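# Architecture at a glance
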Amino acid sequence: MVSLLPLFSAFPEDRVVEGDLSLKPIWASVDGKEGGEAKFTEYRDLREAGGFYGRARLNLDTEKYFLDFKAGDFGYDTQYYKIGGGLWGIFKADLFYNEIPHNITFDARSTFSGAGHDTLVGTPNTNVAGWETFDYSVERRQYGGNLKIDVIRPFFAGLSFQREERDGIKPIGAAETSPGGIAFELPEPIHYVTNNLKVEAGYAKKPLFLSLGYIRSDFNNSDTTLNLPANFAAPNALSLPPDNNYQKGSFKGAVRLPFNSRFSTNIGFSTGESDTSAVSLITSGYSGKVNTQNYDLALTSNPVRFLDAKAYYKYYKRDNKSDDPLGVANIFLDYKISTLGGDLGLRLPLNFYLSGGYKYITTERHKEGETDPVEILPFNTDNIYFGNIKWSGLEFLDVKVGYENFDRNAKYRTFESEVNPAKRYYYAAQNKDTYKATVDIFPLENLNFGLEYRYKQIDYSDTTFGLRKDKRHEIGTSADYIIGKIAKVYGYGDFGWIKFNQLQSSGAGLPWEADQKENSWGYGIGTEVYIIPSKLTLIFQHDYLKSNGNVDYTLAGGLFGAGGLPAFPTANNENIDMARWDDYTLYTFKIKAVYNFTKCLSASIGYAFERFEYKDAQLGDYNFVPAGPPNSNAAFLTGAYKDQSYKANLVFGSLSFKY
Amino acid sequence: MKRRTFSLLFMVVTFSFILIPWNIARADSDYAGSEACKDCHEAYYKGFAQSVHGKKAVPGNPANREGCESCHGPGAQHIEKGGGKGVAIIVFGRKTDANTRDSKCLACHGEAKEFPFWNLSRHKSAQIACDNCHSIHAAVKGKDFLKAQEPDLCFGCHRNIRGQTNKQSHHPIREGKIKCSSCHNPMGTANVKAMIKADSVNELCYKCHAEKRGPYAFEHTPVPENCLYCHEIHGSNHSRLLVRKVPLLCQNCHNDGGHPGNPYTNLHSFRGSATSGKNRFFGRSCLNCHGNIHGSSLSPAFVR
């Protein structure tokens, strides 16, 4: 940024230069095991010893030119840099660099060596202490630039390029034999590069907007197979994402029409191709290709002040054109989705606004090559009705209520699929009701309060086996109050209750039922107290989040003693339920004092505490090599998502200079 | 006769709605100039002059037209009447209906390349006007004139989404690495409902998750249709943003004979007393074996 300073003098007197520089030292003490440390730093780079985090920002603005620069977290896995500038009315350009980490579990372990590479070697052994350790973590590094040209008005053009490099390791699984056998959790190497190019040019002047766009995206994976040790049945390799490329051409247009109306369209064609030639074990000559088409047409009109109208149509088609000469990969999904809809909005007396609409959607799916009549997918027709009413009759109050009904019909195309009692929820017939109500109150200019409630219920009416009910309540509230020059107080609260019901048929044909429930609630409160106005501010923030899930099972009597379950009465419908189902509590607390020495120079010091407690039936009492008869219970695990609980104390400060 | 009277009355009423506001605007065409506004509203004027709207280099900018009165309407009468909030002048806020407020912005930005589809926006349908999110005079830093930074600005109304993004499995939204506007264009897209920046949900997700794009030799049927069948995109209590937890999520569809249909209960956990099938429950459950669940080049069961 120092190198930019000479530029200041190059600009005329009316320039505005402002920005800031800050340095924030953080000391952290994290009490957590492998998963806990990773969860604490899930999207941040903050290890035990802490560090110094810098940030810089500069805005230079003149009558003709501008220059913006921002950067932060120098040298850390979250660092970012962006410099942009341009000539007003002529062009804008920027260059950027950004890193995003995603930490999953530190010090995971594998019975094989070679984590992070495309070949795993070794023989499975149960000496976990001697296993190779590695981190489940993926880092994205994104860089690129954008250019927008305005000088050719009413024409315009834009170009953007982004390259993303992704490196790291994430968990993947494979069965030792197929099907069944010992389960192996494995480290999947991530070495991806994606290059994206976007070009757009158009014309924008009343009454017309026209734009042509082109996108090209190339994805390259350095490791398209993960070679497995000899104990795995053939093929002893795991396929990883193949290289692919994607191209899309698009047209957008809008034109103003009489009666304050507007016609808009969006048309796009894309082709995506994958290259499996690097997947050494594929011998079928498979060549992947998918085309899509999209057409959006819309007419909106506001002919008189009290009426808003909208009619629209959308057609989206996926056409799988993959080539499979030997018929190995013989099921390709094609689908077509058509949507026709209309909305009306009426501005009524007494500050009521009534809106509503209807949408009709048809979905046609074809699984090319599918020979099993049960697996022939149905066509769906959806009828959606919705209505909202908003009242703003009082200066300090807005009230809104709404309702939507979604009714899906599934038209099965074979007798076998129609009579099959098992229905998959994504295409099964369903009826969904959604109710929502919102109240926003602002009795004073400096006091706001909002409350929102939503209720949703889905009934899968034709489903005997599968997901049958989905019911949820959500409440959200928020408030803030500014008490003159003394303090600002704010807070929020969220509550969510979800219940799913599913009925299943076991492998032996006996029924069982599961009711999953999730209760989540959270709140946050904070205050800024201006102890010495414009000089000393004390900031306090506390957030709390809790989720409590469980599964209530009801099994037919014959299932006890089968499928590995102990026989009744050792096992019964009371002791098989799951009490811990992704249960967690997140507690955070922060206190900070900010002192402004001058208008330009300020410093802060603070303390924060975070506690995350996580309990789950699938991860509790974790065992890397669970005991059990081979080919039935056995697994070689790596510790992914294990022990995510943590406690952390942070002491931090900052020194900031504004100019 | 009655029918003719009714028709006449209908036409008069309809044209009144269209013409009356237009006539009022025409009758009041008496501009005072921005310098006159500055006399009483210096702070606002200064903010305007330093903003993009105040740059004369930008063709069609308010600075090249009627300045403050480009948005607030002619101000001579406002001055004559001694000023006051809303006295013979257009003010932005709840008292003025959303379409009127929008019309002032759209007079210049109606064909803007950044948001040609405002007319399709769900925000517009919900009577959310430009000045609900943008403030010309009191914006936070930045050239978008936003009243607050994302995501707090969006969470002001979308409280349920705030609740979801706070859940333990979430995209890095509250960490500031992804913005709401990374995926949505609040000014409207051809996608009428969710205003996503793509023609389909999957096309949007593949922008960051290009490895899932395939096409794969062996497709998992719901995957190429809609990522949202299995993922709760704003946040979930379950890892990997899943809508429900595995194995029950998988069993919602896979009810066929053999192991997918069997119940895996608390007794199948690490210390549970079940004697077989436990590796289909503990750890990452179904994914312990079916690792390539988004698609595979080698295995129709996604185990290779």
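Residues numbered from 1 in each chain as written. Chains lettered and ligands numbered in written order. Predicted model: local features only at pLDDT ≥ 70, side-chain atom pairs only at ≥ 80, totals over all residues.

Further remarks concern the overall build of chain B. When helices and strands are counted, chain B shows 14 helices and zero strands. Listed N to C, the secondary structure of chain B is α-α-α-α-α-α-α-α-α-α-α-α-α-α in terms of helices and strands. Sequence separation of at least 24 residues holds for 46% of the intrachain contacts in chain B that already meet a minimum separation of 6. (Helix = DSSP H or I, 4+ residues; strand = E, 2+ residues; numbered from the N terminus. Contact = placed C-beta atoms within 7 Å.)

Before going further, it helps to spend a moment on the pairing of strand E25 (residues 536–555) of chain A. Residue and element names in this part refer to chain A. Strand direction decides the pairing type here: strand E24 (residues 511–532) and E25, joined by 20 bridges, are antiparallel. Looking across to E25, one finds that Asn519 is bridged to Asn548. Looking at chain direction, E25 and strand E26 (residues 583–596) are connected through 12 bridges and run antiparallel. What sits directly across from Gln541, in E26, is Lys590. (Pairing = 2+ DSSP bridges.)

The next point concerns unusual backbone geometry. Cis geometry marks the peptide bond from A:Arg153 to A:Pro154, where omega comes out at 5°. Positionally, A:Pro154 belongs in the loop between strand E6 (132–149) and strand E7 (155–175). Going from B:Val246 to B:Pro247, the amide bond is cis rather than trans, its omega being 15°. Here B:Pro247 shows up in the loop between helix H13 (222–225) and helix H14 (248–251). The phi torsion at B:Met195 lies on the positive side, around 55°, for a residue other than glycine. Along the chain, the position of B:Met195 falls in the loop between helix H11 (180–183) and helix H12 (201–205). Phi at B:Ser285 takes a positive value of approximately 55°, unusual for a residue other than glycine. Position of B:Ser285 relative to the elements: it lies in the segment after H14.

This part takes up the interface of chain B and chain A. Chain B puts 97 residues into the contact, and the matching count from chain A is 144 residues. The set of elements that each furnish at least two residues to the side of chain B that touches chain A consists of helix H1 (2–27), helix H10 (159–165), H13 and H14 of chain B. The element that contributes the greatest number of residues to the side of chain B that touches chain A is H10(B), accounting for four residues. Looking at the side of chain B that touches chain A residue by residue, the class counts come to 33 nonpolar, 42 polar and 22 charged. (Nonpolar A, V, L, I, M, F, W, Y, C, P; charged D, E, K, R; others polar.)

Residues and elements named next belong to chain A. Ala174, Ala183, Phe184, Leu186, Leu226, Leu228 and Leu238 are the most contacted members of the largest nonpolar core, which totals 26 residues. The set of elements that each furnish at least two residues to this core consists of E7, strand E8 (183–205), strand E11 (237–239) and strand E28 (635–636). Sequence-distant contacts of Leu226, that is, excluding residues within four places in its chain, are made with Asp118, Leu120, Leu186, Glu188, Pro189, Ala237, Leu238 and Leu240. (Core = buried A, V, L, I, M, F, W, Y, C linked by C-beta atoms within 7 Å. Buried ≥ 20, exposed ≤ 12 C-beta atoms within 10 Å, placed from the backbone.)

We now examine helix H6 (residues 98–109) of chain B. An α-helix turns once per 3.6 residues; consequently, residues spaced three or four apart project the same way. Residues and elements named next belong to chain B. With 12 residues, H6 ought to run about 16 Å at 1.5 Å a step, and its terminal C-alpha atoms sit 16 Å apart, in line with that. When we look at burial in H6, the residues that qualify are Ala98, Arg101 and Asp102. Take H6 and look down its axis: the buried residues cluster within an arc of 90°, on one side only. Contacts from the buried residues of H6 go to helix H8 (130–133). (Expected span 1.5 Å × (residues − 1). Arc of directions from axis to C-beta.)

Turning to the pairing of strand E12 (residues 243–257) of chain A, a few remarks are in order. Residues and elements named next belong to chain A. Across 12 bridges, strand E9 (residues 208–221) lies against E12 in antiparallel orientation. Bridged to Phe219 within E12 is Asn244. Sheet topology note: the E12/strand E13 (residues 261–275) ladder contains 15 bridges and is antiparallel. The residue bridging Lys252 from the neighbouring strand is Asn266, located in E13.

The next thing to look at is the domain arrangement of chain B. All names here are of chain B. As far as domains go, chain B holds domain 1 (2–80), domain 2 (108–197) and domain 3 (210–288). The centre of domain 2, based on its C-alpha atoms, is set 33 Å off from the matching centre of domain 3. Listed by partner, the interface residues are eight residues for domain 2 and nine residues for domain 3. By residue class, the composition of the side of domain 2 that touches domain 3 is one nonpolar, six polar and one charged. (Domains from an automatic or database assignment.)

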